[in-house]
Amino acid sequence: MYIYRPDDVILGMPRADLRVLPYPAIVVARDLTPVDTASVDRRNVLAFVTEQGSTTNHTAILAQTLGIPAVVGLGTALASIDEQTCLGIDGAAGSVVLDPTPEERAVLEEHARALAVEQEHLSQYKDREAVLGNGKRIEVSANIGGPGDVATALQFGANGVGLYRTEFLFLDRDSPPSEEEQVEAYRSVLTAFGSKPVIIRTLDIGGDKRIPYLHLPPETNPYLGVRATRLGLRRPTLFKTQLRAILRASTAGTARIMYPMIAIAEEIEQANLLLQSVRDELDAEGAAYDHDLQVGIMIEIPSAALDAERLADRVDFFSIGTNDLTQYTFAADRTNRDLNYLYQPLHPAVLSLIHMAIEAAHTHGKWVGVCGELAGDPRAIPVLIDMGIDELSMSSAKIPRAKQIILSL
Ligand code: PEP
Ligand code: MG
């Protein structure tokens, strides 16, 4: 087993480029940025192991989307690993065994076999409709980071895309993607899904996702700073270019627009004013677009859940982002492994906020989904269904198990 270490501090080497791994490798790092993870050489990466991070930072989420085993937040235990160390990795259990004994190796191999048998068993559910005992159909959709994830999503039986994280098109480059480049990316996803809905989330930059070419001033507290829609409203050209691209691509399939990180109703109104100006421009140009396209928001800030009644009036749907909703409810950075104990998306405090959002949406005749990691958690699915959720969107590999659970309820 080879170890590839993109860590200039330990090896005194220049920062490694993970886009081209010279041989099949386990990437061992202090930490990885979302760009490192998203752009990794998929042919040769075997697994990620990191000292820092938690299961809901973007590295862990992306690794799941890519289907790459990852164990994050191991702490200083990694210091004793060198190129000769053999690593046994159990991504499901979140454990790494250094130089496993023959017995430990046998246990790991048995786990891998059991996982393969389970996946084979679950594959019978991937193309089934997820219908509850009472006849209600639950939409089970995929979270994707770009066109490269579409094939996997369809293969695992996604009913659509519940969260297209478009920011990955903007990361790891020197200037923003042009309108044409964006149209092409969105169109390719929409075409692949045809009549199945694709929720395109507008830019969510900030927090652990930084873009040097935007020259954003440093912030003391990036997770509480000019992030996502807050940034879009301050950089209308950037935001409007993306909205134009989504509308232009919308003729290729069933597009929906979703604004992230909405805290108050006025932000929806401002974003919708920009959307209307883009519609007017396209109308003036005689350009075709889907005039009935749904527009929704993410509920991931407690104020949005608490004021969901007022927000529901202004949108077609809600999608609850439990990763950030949990972080902001407990005021605990989701990437900080020392605060893992506060990362409790099933805590009554978070569940109350989710419940409020669902009730408010339904009172106003709007549908509501969950696209945070909680949507794919087998313990959470019955709870969310019981609260009346209409859609669940998750990493593709989790879809068959989610459908199995829903069919049993
Ligand atoms: C969330 O916050 O739950 C979410 C889905 O968005 P992201 O993980 O991209 O912040
Ligand atoms: Mg979020």
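None of the values given here were measured: they were computed from a predicted structure.

Caption draft 1: Helix α15 (residues 399-407), seen in detail. Here α15 has its buried residues at Ile399, Pro400, Ala402, Lys403, Ile405 and Ile406. Tucked into the core, α15 has its buried residues touching α4 (102-122), β7 (139-144), α14 (381-386) and β14 (391-394).

Caption draft 2: Structural detail: the coordination of the magnesium ion (ligand 2). In this structure, Glu300 (OE) and Asp324 (OD) serve as the protein donors to the magnesium ion (ligand 2), at separations of 2.0 to 2.2 Å. Note that glutamate 300 is positioned in the loop between β11 (294-299) and α10 (302-306) and aspartate 324 in helix α12 (residues 322-330), a separation of 24 residues in sequence.

Caption draft 3: Examining the confidence of the model for the protein chain more closely. For the protein chain, the mean per-residue pLDDT works out to 91, and 96% of the residues sit at or above 70. Here residues 1-14 is modelled with pLDDT under 50, and outside its nearest four sequence neighbours on either side it reaches 45 contacts, counting other chains as well.

Caption draft 4: Spotlight on the packing of aromatic side chains. Under the counting rule described, the total for this entry stands at three aromatic pairs. Judged by centre distance (6.1 Å) and plane angle (55 degrees), the rings of phenylalanine 239 and tyrosine 259 are tilted. Of this pair, phenylalanine 239 sits in helix α8 (residues 236-249) while tyrosine 259 sits in strand β10 (residues 254-259); the two residues are 20 residues apart in sequence, bridging distant segments of the chain. The burial state of phenylalanine 239 is the same as that of tyrosine 259; both residues are buried.

Caption draft 5: The site of ligand 1, seen in detail. Ligand 1 sits among 17 residues. The nearest are Arg165, Arg201, Gly321, Asn323 and Arg334. The contact in question runs from an oxygen atom of ligand 1 to an N or O atom on the side chain of glutamate 300, over 3.0 Å. For ligand 1, an oxygen atom lies 2.8 Å from a polar atom in the backbone of asparagine 323. Its free accessible area being 290 Å², ligand 1 has 100% of it covered by the protein chains. Mapped by element, the contributors of at least two residues to the shell around ligand 1 are α3 (58-66), β8 (161-165) and α12. The element best represented in the shell around ligand 1 is α12, accounting for three residues. Residue composition of the shell around ligand 1, by class: four nonpolar, five polar and eight charged.

Caption draft 6: Seen up close, the domain arrangement of the protein chain. In terms of domain boundaries, the protein chain breaks down into domain 1 (2-121) and domain 2 (126-408). Relative to domain 2, the C-alpha centre of domain 1 lies at a distance of 28 Å. Facing 23 residues of domain 1, the contacting portion of domain 2 comprises 20 residues. Taking both sides of the interface into account, the surface hidden between domain 1 and domain 2 amounts to around 1,800 Å²; carbon and sulfur atoms contribute 50%. Of all residues in domain 1, Thr56, His58 and Thr65 give up the largest surface area on contact with domain 2, accounting jointly for 31% of the area buried on that side. Here domain 1 is connected to domain 2 by three salt bridges.

Caption draft 7: Quick look at the sheet that holds strand β9 (residues 197-201). The eight strands lie next to each other as β7-β8-β9-β10-β11-β12-β13-β14, forming a closed barrel whose pairing is parallel. Taking the axes of each pair of neighbouring strands and ignoring which way they run, one obtains an average angle of 25 degrees across the sheet. Sheet topology note: the β7/β14 ladder contains four bridges and is parallel. Residue pairing in the sheet places valine 140 in a bridge with leucine 392 of β14. Of the strands in this sheet, β7, β8, β9 and β10 touch helix α6 (residues 179-193), which is tilted by about 155 degrees from β9.

Caption draft 8: Structural detail: unusual backbone geometry. Non-glycine residue aspartate 172 carries a positive phi angle of around 60 degrees. For aspartate 172, the location among the structural elements is in the loop between β8 and α6. Positioned with a positive phi, alanine 331 is a non-glycine residue whose angle comes to about 50 degrees. Among the structural elements, alanine 331 can be located in the loop between α12 and α13 (348-363).

Caption draft 9: Representation of the environment of aspartate 333 in the model. Residue position: aspartate 333 is located in the loop between α12 and α13. The spatial distance from the C-alpha of aspartate 333 to the C-alpha of aspartate 377 is 21 Å, given a sequence separation of 44 residues. A distance of 2.8 Å separates the side chain of aspartate 333 from the backbone nitrogen of threonine 335, its partner in a polar contact.

About the cut-offs
- Residues numbered from 1 in each chain as written.
- Chains lettered and ligands numbered in written order.
- Predicted model: local features only at pLDDT ≥ 70, side-chain atom pairs only at ≥ 80, totals over all residues.
- Heavy atoms only, no water.
- Buried < 20%, exposed > 50% of the residue type's maximum accessible area, 1.4 Å probe, protein only.
- Helix = DSSP H or I, 4+ residues; strand = E, 2+ residues; numbered from the N terminus.
- Contact = heavy atoms within 4.5 Å.
- Donors = N, O, S within 2.8 Å, 3.2 Å for Na, K, Ca; no water.
- pLDDT = per-residue confidence, 0-100.
- Phe/Tyr/Trp six-rings, centres within 6.5 Å; stacked < 30°, edge-to-face > 60°.
- Near = heavy atom within 4 Å.
- Polar contact = N/O pair within 3.5 Å; in protein donor to acceptor, adjacent residues only side chain to side chain.
- Areas by Shrake-Rupley, 256 points an atom, 1.4 Å probe, with all protein chains shown as cover.
- Nonpolar A, V, L, I, M, F, W, Y, C, P; charged D, E, K, R; others polar.
- Domains from an automatic or database assignment.
- Buried area = accessible area lost by both parts, 1.4 Å probe.
- Salt bridge = Lys/Arg side-chain N within 4 Å of Asp/Glu carboxyl O.
- Pairing = 2+ DSSP bridges.
- Axes fitted to C-alpha atoms, helices over the stretch in contact; angles between N-to-C directions.

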